[in-house]
Structures are given as C-alpha cells and as structure tokens.
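Summary of the model geometry
The residues making up each chain are set out below.
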Amino acid sequence: MTTSGPTPLETSPSPDEALERSLKELADIKFALDQAAIVAITDQRGIINYANDKFCQISQYSREELLGQDHRIINSAYHAKEFIRDLWTTIAGGKVWHGEIKNRAKDGTYYWVDTTIVPFLNEEGKPYQYIAIRSDITERKRAEERIREQAALLDQAQDAILVRDLNHNILFWNKGAERIYGWLADEVISKNATVLLATKPVALFEEANRAILEKGEWTGEFRQLRRDGSEIVVESRWTLVRDEQGGPTSILIINTDITEKQRMEAQFLRAQRMESIGTLAGGIAHDLNNVLSPILMAIDMLQLKANDEATRKWLEVLRANASRGADMVRQVLSFARGVSGERVAVQPRHLIKEIVKILRETLPKSIEINFLVPDDLWLISADATQIHQVLMNLCVNARDAMAEGGAISIHAGNEVVDENYARMHVEANPGRFVVISVSDTGPGISQEMQSRIFEPFFTTKEMAKGTGLGLPTALTIVKSHGGFINLYSELHKGSKFSVYLPALDAPGTAAAGALQTDLPMGHGELILVVDDEESIREITRGTLETFGYRVLIASEGTEALALYADHKNEVAVVLTDMMMPFMDGPATIRALQRMNPAVRIVAASGFGTSHYQTDASLEGVEIFLDKPYTAEKLLKALAQILKS
Ligand code: FAD
C-alpha cells in the first residue's frame, strides 16, 4: 500500500501546535542554559524572581533567601559607581550588557562572573524583566592577579628581566630593564632586542642562540647599548620557556649590569700589574747597576792610560752613554722602590721659577710659557730634586703633545681639601695642599687613555722617544710625598695635570682638613641634593646641616622629581649631579624646570662642567660646580645663588 500526501513534518502546524512547540523549545533552551550557566531573572528593578541551582551554589544562598531580594545581595562594593551606572543605562535602554563582575558570597568570600544581561521588552519596547547569564571566571581572575603580583615582584629586582620570542622581539620588560637601559616598557614591547641593544660580540650572541635551543639555557657576558648611547657590560642568563607540549615559545633573560664591577676589577688588576712590573723592573735595574758600575770605573781607568786624542774621544762617548744608562736605571729604581729622599721644608715658588727658566731656554719659540704663583704659597715638606723631576716630566709631556706649538701654563695655589672633596676623589685625603698645575693646549687625552697613562711602560710616543716611565715615576714620587695627581683633559682643547702636595703645618694655620668656620651660613633654607653616590650624599648633607641648611636627599632623577613635587614651595635650591644612571642630570633639570620654570639649580659634574655650559637647554642652571668640590666652594655657591 502506498500512501500519498505530505509527510507530518511538511504539514503546517496549527497555531496551538506552534505555540506548544515554541514553549517546548524554550523549555529545552532554559534546561540547557540551567545546566551550563549561572542564571537569574529579575524584574525591571533588579529584584530576583528566578535563581537556578548554580546561582545558589556559587552565591551560597538558598533559593528562598534569594527570591524577592535585590541583586545588591551579592554586591562586593568592588566596582565604581560609573561601572554600575553603565550596566543600568545599557539594559534600561533595552540593550544587552556584557562584562566581568566581582561578587560576594554569603560567607564573605569573593567570586568573579562573566555576565551577560539580556532585557525582555514589552510591546512599548520597555524592559519588564532581565535575565542574567553568568559563568564562573574566578580561577582565571586569580591567575591574572597572581601574574600581576609576580610582575610587580619582578619589577622590584635590580636586574633587567626580559622575555623575548624566538626572533628576539621583546614580550616583557621589567622596571629593572627600564632603569638599566633607559627605555620604558611601552617604548620597547614588540621591538627587536638585538637591534635595540646592539648586542655584541655578534659571534657570542649567535653561540647563545644555538646553545639555548640545544640545551635550554646559556650564561655569558655581552656588551650592549643604553638609550643614551653609552655602552654597558651585562652578565646575561638565558632560559628557554616551553609550552605544555614541550615546544620552545620564548626566552627568559636576566641581565646584571656589571660595568662598574668590571671597571673596579680592571683598576685592581692594573694596580697589581703596576706592582709586579715595579718589582720586576727594580730587580733588573739593580742588576744593571752592577753591570754599569764597573764599566764606568773602567772607563775612568782607561782614560788615565789613553794618550791619543781619538781614543779619549771614543772613551768620552762610552762614558756619556754608560752614564745615560745609569740615569735610566736610577729612574726605574726610583719608580720601582718608591722614593725616600731627604725631606726638607721647600718653597715650591723657587722650584717653579727654576723650571720656567729652563723651559724658556730650551723649548722652541712656538711654545709660549706662562706661570702664575702667589706670594703666600704654603711650604711643603719635600725632596726638591724629586719634585723638580715631577714638574719636568709633566712639562716635557706637555711639550711633546704640542709639536705644532701652543702654550704651557704652570699655576700654583693653596687649597684645603675637605672631606667633601676627598670622597669624590679616590686617592685624596683631607688636608691642606699646595697645588701645582701644568696645563697644555695640545690635543687632549681620551677617557680611555686617561685610565692607562699612569701605567708603567705605557706610552703613546714612538719607541725611541718615550720610556713610558715619566708619569708613573711622577705619580710614585707624588704619592710618596702623601699627595695625589688630578688629571683633567678635553679632546682638542688640552690637558691639565694638577699635583697636590701636602703643605707643611705652620703654626697659626687651621688644622689640616678641619672645616673652616668663617664660611657663609644658611638660614634654614631647604636644599634638595641629588646624587647617585651614597657617600657624597651623606657628606653633603652633613656639611649643609652643619652650616644651617635643611636638606632633602634623592639618589636619582625620578626620586628627585617626586620629592620636588611634594616640597616645591619650600625647596630653595636643587643641587644635582650631572652623571646619574636612569635619569641623568640634564633630564632631571629639564623636568624640574617644567614643574617650576623659576627653580634654582646648581649642577655638579666630575667630567668638567664646561661641556654642559654650552648645552642651550640648561640655560636655567645658575652655577656649575666642578667635582670634586670642597665644602667652601659648595657653601659659597649656595650663598651666591641665595643672595641674588
Ligand atoms: P546603586 O545605587 O544600585 O547603583 C549605582 C547607579 O546605577 C545609580 O546611581 C543609578 O545611576 C544606576 N541604577 C541603579 N539602579 C537602577 C535602576 N533600577 N534603574 C536604572 N538605573 C539604576 N550587581 C552586582 O554587584 N553584581 C551582579 O552580579 C549584578 N547583577 C545584576 C543583574 C541584573 C539582571 C540586574 C538588573 C542588576 C544586577 N546588578 C548586579 C546591579 C545591582 O542591582 C546594583 O545596582 C549594584 O549591585 C550596585 O548597587 P549599589 O547600591 O552599589 O549602587
């Protein structure tokens, strides 16, 4: 039997059947929703008239407790008024609202729900009830919170912590990295770290890349560039981060800035090398002396016996050269053993005049010689011959630096080196000093050379011309007199060697190093001192407080800005160092000037302030102080600025 006509499915349902089917479908949807989500239905005021089991479970209220209640029953008071207002204006306007809400359960614990609120509209388009469909996202929120806490912890680290993808694009950059490199996280995220930091040496970087993929970790040292172009050395530790399947995803890198440590180590090694070279040279010189003495004596004997003119002439050549050799040996010995000649009271003025006389007689006319020595120069306790040698060595170097001509200036003066100054200069001790400076107008000495020229046998001169012992010998002599040498040099401008020799304590003069009391006093003015070196901050604070000032201390630029913002109306003067990590002096000064264009500033620098004086953006700086400076210079600078 065959049947014809439409199948039941194809038959149009009657209105009753359609309604029944819709209601059934709705019931199915509601059932499915109830199984999957946390569901509540409210009237248009937010009064709950339906709550499913999941809602009861998560809120810990029974259905009886929830029904008829305002939704505020689960309010955690976490969200701002604006957040709630946005929720209400959206749904009251007939639109769907979606967001993440933190709620409070009956026992006082908190939970997070991803929430969608759908309004049910009447014929006029006005909501008459709302359905809230939620899912529990507490775990995800906690994980996010943990990550935020961990990131905050990572920000506490001194080291630079960065995460890169396998192509070295930056994914994470902590505060330590901001401090070390000077780039803010926002500026570098997704940039290529290799290009940004110009990591060197390239071969080592490639080796690190190979090793990290093979072994999962790598440690080594790189040279990298900071934002301001200066180079730093970092100890770099790499760890490969893998996903759940074990595939490599990114590289976690921790970099420690070891620039300063390396510099100290190099200084230490240099000092050790100097000591061992000294010992070695001393030994050889001693043996050479034993070789030269009989030669010189034999020449004398031969000269007695020689009766023809030619032989005597040759013997004279022999004697002159053997004597020169003996002189050189003496020089090596005086460097190697240190010098312990006889010390008597010497007026350096006489010595300087003598040197000037020799220079005027022997130097070419293309070199101008100036000298300035005050009449009241203090006496020193010294071996005059040795100090003579120190000054001659410096003048000969100055001459050699100016093959094309120029000027040599010898200036002398009395100076009190105080605790302030001594803390800024490693070799200086507080006390009264006679300072003799020899300046030239030659090509200057680069920073790199400056750290090497006092090393024995280091010379920039041709082999035959220089022994490389002139400056080390001068330094040894000056040190053996309890003094030190200060070098200041600028490329293309010239160099200035200042020899500090302790003054002889004369009766009636102030005790060495003691603070003078006739210096200008402050009257409770507040001074903001910004310096990255703790010892300098301490001594400056001590000095200023002793002399009647109040002091605020900051160890770097950003801290200074925060302090200034709090005490803007009280701070009379800001004293800031120019060379600081992270935010340097010029940047700090510019930021302070933006906060207050009338801020009064004294800027101090160990690299010579003339460099900064030409920086147009630092026009507002009223006084530049050369580091190291004494308490006297500092107090006079403050008095001057406060008087004007
Ligand atoms: P309120 O004074 O209640 O609200 C702050 C501002 O919101 C008010 O100043 C007003 O501008 C606006 N506002 C408040 N009530 C209304 C209203 N009836 N009509 C128009 N605007 C109004 N809150 C939660 O904390 N967690 C939830 O999970 C949550 N789910 C909700 C689900 C639904 C379906 C609805 C309708 C509301 C929900 N609310 C929820 C909001 C809750 O009703 C409260 O408004 C909220 O808890 C803030 O309470 P309050 O006393 O701090 O501020």
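Everything discussed here concerns the structure shown above.
Bear in mind the structure is a predicted one, so any value in this text is a computation, not a measurement.

**So, the sheet that holds strand E22 (residues 621-626)**
With parallel pairing, the five strands of this open sheet are ordered in space as E19-E18-E20-E21-E22. With one partner strand each, in any of the chains shown, strand E19 (550-554) and E22 form the two edges of the open sheet. Averaged over all pairs of adjacent strands, the angle between their axes in this sheet comes to 20°, without regard to strand direction. Examined bridge by bridge, strand E18 (residues 526-530) and E19 share five bridges and lie parallel to one another. Residue Ile 527 lies in a different strand from E19, and its bridge partner there is Val 551. The strands touched by helix H18 (residues 557-567) are E18, E19 and strand E20 (571-577); relative to E19, the strand with the most contacts, the crossing angle is about 140°. Along the sheet, helix H21 (residues 631-643) contacts E18, E20, strand E21 (601-605) and E22; its crossing angle with E22, the most-contacted strand, is approximately 170°.

**Some words on the packing of aromatic side chains**
The relation between two aromatic rings is expressed through the spacing of the ring centres and the mutual angle of the planes. Counted by the stated rule, this structure contains 16 aromatic pairs. The interplanar angle of 90° and the centroid separation of 5.6 Å between the aromatic rings of Phe 83 and Trp 97 together place this pair among those described as edge-to-face. Taken together, the positions of Phe 83 in helix H4 (residues 81-92) and Trp 97 in strand E3 (residues 97-104) put the pair 14 residues apart, joining distant regions of the chain. Classification of Phe 83 as partly exposed rests on a relative accessible area of 25%. The exposure class assigned to Trp 97 is buried, which follows from its relative accessible area of 4%. Taken together through their ring pairs, the aromatic side chains of Phe 205, Trp 218, Phe 222 and Trp 238 make up a single cluster. Positioned above the aromatic ring of Tyr 110 is the side chain of Lys 102, whose terminal nitrogen or guanidinium carbon lies 4.8 Å from the ring centre. Over the ring of Trp 378 we find Arg 432; its NZ or CZ atom is 4.0 Å from the centre of that ring.

**Things to note about the pattern of salt bridges**
Tallied over the full model, the rule gives 25 salt bridges. One salt bridge connects Asp 70 with Arg 72, and the closest N-O pair in it is separated by 2.7 Å. Residue Arg 72 is classed as exposed on the basis of its relative accessible area, which comes to 59%. The salt bridge involving Lys 175 is made with Glu 178; its shortest N-O contact spans 3.8 Å. Here Glu 178 and Lys 175 lie together in helix H6 (residues 175-181), a separation of three residues that amounts to about one turn.

**Here we look at helix H16 (residues 470-480)**
With eight of its eleven residues buried, H16 lies for the most part within the structure. Listed in full, the buried residues belonging to H16 are Leu 471, Pro 472, Thr 473, Ala 474, Leu 475, Thr 476, Ile 477 and Val 478. Following H16 by one or two positions, Gly 482 adopts a phi angle in the positive range, close to 80°.

**Some remarks on the site of the ligand**
Residues in contact with the ligand amount to 17 residues; listed here are only the nearest, Arg 72, Asn 75, Trp 88, Asn 103 and Arg 134. The separation between an oxygen atom of the ligand and a polar side-chain atom of Asn 75 is 2.8 Å. At 2.8 Å, a side-chain N or O of Asn 103 approaches a nitrogen atom of the ligand. In the complex, the protein chains occlude 77% of the 930 Å² of accessible area that the ligand would expose alone. Secondary-structure elements contributing two or more residues to the shell around the ligand are H4, E3 and strand E5 (127-136).

Cut-off values and rules
- Numbers given for residues are sequential positions, taken from 1 along each chain in its written order.
- Predicted model: local features are reported for residues with pLDDT of at least 70 only, side-chain atom pairs are reported and counted for 80 or more only, and whole-chain, interface and lining totals are derived from all residues.
- Excluding hydrogens and water, the side-chain values take into account all heavy atoms of the structure.
- Between any two strands, pairing holds if DSSP finds at least two bridges.
- Helix and strand definitions follow DSSP, with helices as H or I runs of at least four residues and strands as E runs of at least two, each counted in order from the N terminus.
- Between N-to-C directions, angles cover 0 to 180 degrees, with each direction set by a line fitted to C-alpha atoms, over the stretch in contact for helices.
- Note on definitions: a residue-residue contact is assigned when non-hydrogen atoms from the two residues lie within 4.5 Å.
- Each Phe, Tyr or Trp ring (for Trp, its six-membered ring) is paired with any other whose centre lies within 6.5 Å, and the angle between the two planes then decides the class: stacked below 30 degrees, edge-to-face above 60, tilted in between.
- Type-normalised accessible area, obtained with a 1.4 Å probe on protein chains alone, sets the label of each residue: buried when under 20%, exposed when over 50%, and partly exposed for intermediate values.
- We call a charge positioned above a ring when the Lys NZ or Arg CZ atom is no farther than 6 Å from the ring centre and deviates by at most 35 degrees from the ring normal.
- Any Lys or Arg side-chain nitrogen located within 4 Å of an Asp or Glu carboxyl oxygen qualifies as a salt bridge.
- Any residue with a heavy atom positioned within 4 Å of a molecule or strand is treated as near that molecule or strand.
- Polar contacts, as counted here, are pairs of nitrogen or oxygen atoms within 3.5 Å of one another; within protein the pair requires one atom able to donate a hydrogen and one able to accept it, and residues that are adjacent in sequence qualify only if both atoms are side-chain atoms.
- For every accessible area listed, the method is Shrake-Rupley and the probe measures 1.4 Å; residues are considered covered only by the protein chains on display.

Take it as geometry only, folks, not as evidence of what the structure does.
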